[in-house]
Amino acid sequence: MADRLMTDKAVSDNTEIDTAESDNKQINIAEIDITESDHQEMTVRTNMPEARTARLLKVTSLVTLTLQNAVLGLSMRYSRTRDGPMFVSSTAVVMAEWVKLIVCLYLVYRQHDSFRAFRKDLYRTVVANPMDTIKVSVPSFVYIIQNNLLYVSASHLDAATYQVTYQLKILTTALFAVLMLKRKLLPTQWAALVLLVAGVAMVQISGSSEAPKQSDGPAQNKLIGFSAALGACFLSGFAGIYFEKILKGSDISVWMRNVQLSLLSLPFGFMTCLISDWNKVVHYGWFYGYDFFIAYLIVLQAAGGMVVALVVKYADNILKGFATSLAIIISCLASVYLFNFRITVLFTIGVVLVIGSIFLYSKPAKVEKSPSKSKMNEEV
């Protein structure tokens, strides 16, 4: 009897222990659920600022790319057609390289812990590596010629036609990418390039023009302007792909590469200035015709590319295409009010073709899912 009582008591105790353990498990499970729920809420709260930041950066990228594409063309055109003494454009190209060099040197300095480390890195990259410096001298020379050609084009073409024509750099960049980097273009991209050429051709023969205006600049000649823009497009495509090939083949930062470019571009710029505009510089002086607007134009030309380099990583191809298209539209509308630009039907059709080609060229390729991956996803 006593044994039975002891057995019943043991069973009762075991039951109580099991009940307690069950309660503890339920409490632990509840605590785990609460902890996981709190963790998910914290993750959502943490991701919300990141998502907002990403959206803000995309909007900033769009605004920056659009303004840089539109304002530079309009500003260059205005600087070549406004009243007053005409500045020597080759000196402005050299001054833009000075501004770019100073800014890039500062950015490279910020990447180092001390001035001594910055100086050693600069010496090792630029002076102690002559073969690499010689490689960079090629795009340096090309960019100087390209920037001078852009001023020639802006002197002879209205801002809207200049903006549309300069989109031929998409064609030249694609061609040099195929030749130099062995890239393969999609059929849709080849079709986009055909549309681009057709659109630019329509713009050139459209008959759209600005109202005649007296200025101290050269007489307007569309053939010279188009030839200069076409030359600038070829140089831009070649230099861009060549520079990309250099960047991929080394571990030197983009800003240090830009320091190399500017350092080597300066002597080429001085040579170009002395060869083409020696008489003007000697007779009028280096800063003849300079004022606050020309200083703004120099800073815009120097900083534009660097600003785009900072924000372009936050913008996909669709966004970049939208920014370029919006810049063309802004340039056309602004030209109507600023330069009394007359738009024709053929010009409008050409602009639509160019904008459509930009979107078609930047359209991402469709990636087909493999059957094995799809099957695995279904099983999961």
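None of the values given here were measured: they were computed from a predicted structure.

Student: Hey, could you run me through the overall build of the protein in this one?
Tutor: Counting secondary structure elements, the protein contains 13 helices and zero strands. Its helices and strands taken in sequence order, the protein reads α-α-α-α-α-α-α-α-α-α-α-α-α from the N to the C terminus. In the protein, buried positions account for 39% of the 380 residues. For the protein, the accessible area works out to roughly 22,100 Å², and carbon and sulfur atoms hold 65% of it.

Student: What exactly am I supposed to notice about helix α3 (residues 115-127) here?
Tutor: The periodicity of an α-helix, 3.6 residues per turn, causes residues three or four positions apart to be oriented the same way. Along its 13 residues, α3 runs 17 Å from first to last C-alpha, staying within 8% of the 18 Å computed at 1.5 Å per residue. When α3 is considered as a whole, its buried residues turn out to be F118, D121, T125 and V126. The arc enclosing the buried residues of α3, seen along the axis, measures out at 105°, which places them on a common side. Of the residues in α3, the exposed ones pointing more than 90 degrees away from the buried face are R116, K120, Y123 and V127. Its buried side turned inward, α3 meets α2 (89-110), α4 (130-156) and α9 (254-284).

Student: Help me understand the packing of α2 against α4, please; the structure alone is not making it clear to me.
Tutor: When two helices pack together, their arrangement is given by the angle between their axes and by how far apart the axes lie. At a closest axis distance of 9 Å, the pairing of α2 and α4 adopts a crossing angle of 135°. Classified by the interaxial angle, the pair formed by α2 and α4 is oblique. Crossing hand, α2 versus α4: right-handed. Taking contact as the criterion, the partners of S89, S90, A92, V93 and E97 in α2 are, on α4, I144, N147, N148 and Y151.

Student: Is there a simple way to think about unusual backbone geometry in this case?
Tutor: Glycine aside, the phi torsion of most residues is negative, and most peptide linkages are trans. Positive phi, close to 60°, is recorded for K182, a residue that is not glycine. Along the chain, K182 turns up in the loop between α6 (169-180) and α7 (187-204). Of the residues examined, K182 reaches a relative accessible area of 65% and is grouped as exposed. Positive phi outside glycine occurs at N340, with the angle close to 55°.

Student: What am I meant to see in the pattern of salt bridges here?
Tutor: Think of it this way: side chains of opposite charge can pair up when their charged atoms draw near. Using the criterion set out here, one finds four salt bridges in the structure. A salt bridge links D121 to R124; the shortest N-O distance between them is 2.9 Å. Within this pair, D121 and its partner R124 are both found in helix α3, separated by three residues, close to a single helical turn.

Student: Whenever I open this one, the packing of α2 against α3 confuses me. Can you help?
Tutor: In the contact formed by α2 and α3, the axes pass within 9 Å of each other and the chain directions differ by 120°. With respect to each other, α2 and α3 are oriented oblique. Crossing angle aside, the handedness with which α2 passes α3 is right-handed. Each of L105, V108 and Y109 in α2 lies in contact with α3, whose residues at this interface are F115, F118 and L122. Residue composition of the contact of α2 with α3, grouped by class: six nonpolar, no polar and no charged.

Student: What is the right way to read a nonpolar patch on the surface from this model?
Tutor: On the surface, I205, V345, L346 and I349 cluster together to form a nonpolar patch covering roughly 370 Å² of accessible area. Take I349: it is sitting in helix α12 (residues 345-362). I349 gets classed as partly exposed once you look at its relative accessible area, which sits at 40%.

Student: So what exactly am I meant to see when it comes to the confidence of the model for the protein here?
Tutor: The predicted structure's coordinates, where accompanied by low pLDDT, should not be read in detail. On average, residues of the protein score 77 in pLDDT, and 72% of them are at 70 or above. Within the protein, α2 carries the highest mean pLDDT (92), whereas helix α13 (residues 371-379) carries the lowest (43). Every residue in residues 1-11 is under pLDDT 50, and counting partners more than four places away or in other chains gives zero contacts. Here residues 368-380 scores under 50 on pLDDT; set against residues more than four positions off or in separate chains, the count is one contact.

Student: When you look at the environment of L72 in this model, what are you seeing that I'm missing?
Tutor: Mapped onto the secondary structure, L72 falls in helix α1 (residues 2-81). Considering only alpha carbons, one finds L72 and S331, 259 residues apart in sequence, at a separation of 9.8 Å. Ignoring sequence-local partners within four residues, the contact set of L72 consists of L67, L297, L300 and Q301.

Student: Teacher, can you tell me more about the nonpolar core here?
Tutor: A general trend in soluble globular proteins is that nonpolar side chains are found buried together. Within the largest apolar cluster, 40 residues are counted, with the highest numbers of intra-cluster contacts made by M76, I328 and V351. Excluding its chain neighbours within four sequence positions, the residues that come into contact with M76 are L150, Y151, A154, Y162 and L297. Judged by nonpolar contacts, the second largest core, of 13 residues, contains C104, I252, W255 and M256.

Student: Mind showing me how you'd approach the packing of aromatic side chains here?
Tutor: Think of a pair of aromatic rings as described by two things: how far the centres are apart, and how the planes are tilted against each other in angle. Counted by the stated rule, this structure contains 15 aromatic pairs. The interplanar angle of 40° and the centroid separation of 5.7 Å between the aromatic rings of F238 and Y242 together place this pair among those described as tilted. Of this pair, F238 and Y242 both sit in helix α8 (residues 222-248), four residues apart, roughly one helical turn. Judged by relative accessible area, which is 23%, F238 ranks as partly exposed. Note on Y284 and Y288: the rings are 4.5 Å apart at their centroids and 25° apart in plane angle, and the pair reads as stacked. Put simply, the rings of F87, Y151, F287 and Y290 touch in pairs and so form one group of aromatic residues. Positioned above the aromatic ring of F87 is the side chain of R80, whose terminal nitrogen or guanidinium carbon lies 4.9 Å from the ring centre.

Student: Honestly, the environment of Q189 in this entry has me stumped. Any pointers?
Tutor: Secondary-structure assignment places Q189 in helix α7. Its relative accessible area of 14% is what places Q189 among the buried residues. Expressed as a C-alpha distance, the spacing of Q189 and S357, which sit 168 residues apart in the sequence, is 8.3 Å. Q189 has contacts with K184 and Y361, leaving out every residue within four places of it along the chain. Here L186 takes part through its backbone nitrogen, which lies 2.9 Å from a polar atom of the side chain of Q189.

How each quantity is defined
- All chains use their own residue numbering, which begins from 1 and follows the written sequence.
- Only residues with pLDDT of 70 or above have their local features reported here, since the model is predicted, and side-chain atom pairs are shown and tallied only from 80 upward, although totals for entire chains, interfaces and linings are computed over all residues.
- Side-chain descriptors were evaluated using all non-hydrogen atoms of the structure, hydrogens and water having been removed beforehand.
- What counts as a helix is a DSSP run of H or I of at least four residues, what counts as a strand is a run of E of at least two, and both are numbered from the N terminus.
- Here the term buried applies to any residue with accessible area under 20% of the maximum for its type, exposed to any over 50%, and partly exposed to those in between, with areas from a 1.4 Å probe on protein chains only.
- Here, Shrake-Rupley sampling with a 1.4 Å probe gives the accessible areas, and only protein chains in the shown set may cover a residue.
- Working rule for helices: expected span equals 1.5 Å times residues minus one.
- By definition, the arc is the one covered by directions from the helix axis to the C-beta atoms.
- Whether two residues touch is decided by their heavy atoms; if any such pair falls within 4.5 Å, the residues are in contact.
- Convention adopted: a line fitted to C-alpha atoms gives each axis, helices being fitted over their contacting stretch, and angles between N-to-C directions are expressed from 0 to 180 degrees.
- Each angle is binned into one of four classes, with values under 35 degrees roughly parallel, values over 145 roughly antiparallel, values of 65 to 115 roughly perpendicular, and all other values oblique.
- For a crossing to be left-handed, the near helix must be turned anticlockwise from the far one by less than a right angle; the clockwise case is right-handed.
- Think of a salt bridge as a Lys or Arg side-chain nitrogen and an Asp or Glu carboxyl oxygen that are within 4 Å of each other.
- Three classes are used, and their members are as follows: Ala, Val, Leu, Ile, Met, Phe, Trp, Tyr, Cys and Pro are nonpolar, Asp, Glu, Lys and Arg are charged, and the others, Gly among them, are polar.
- Patch criteria: residues need more than 30% relative accessible area and no salt bridge. Like-charged residues are merged within 9 Å; nonpolar side chains of Val, Leu, Ile, Met, Phe, Trp and Tyr are merged within 5 Å.
- pLDDT expresses, on a scale from 0 to 100, how confident the predictor is about each individual residue.
- Side-chain atoms within 4.5 Å are what join buried Ala, Val, Leu, Ile, Met, Phe, Trp, Tyr and Cys residues into a set we call a nonpolar core.
- Working definition: a ring pair exists when centres of Phe, Tyr or Trp rings (six-membered ring for Trp) sit within 6.5 Å. Plane angles under 30 degrees give stacked, over 60 give edge-to-face, the rest tilted.
- Consider the ring centre and the ring normal. A charge sits over the ring if Lys NZ or Arg CZ is within 6 Å of that centre and within 35 degrees of that normal.
- Polar contact criterion, stated in full: a pair of N or O atoms within 3.5 Å, where within protein one must be able to donate a hydrogen and the other to accept it, and residues adjacent in sequence count only if both atoms are side-chain atoms.

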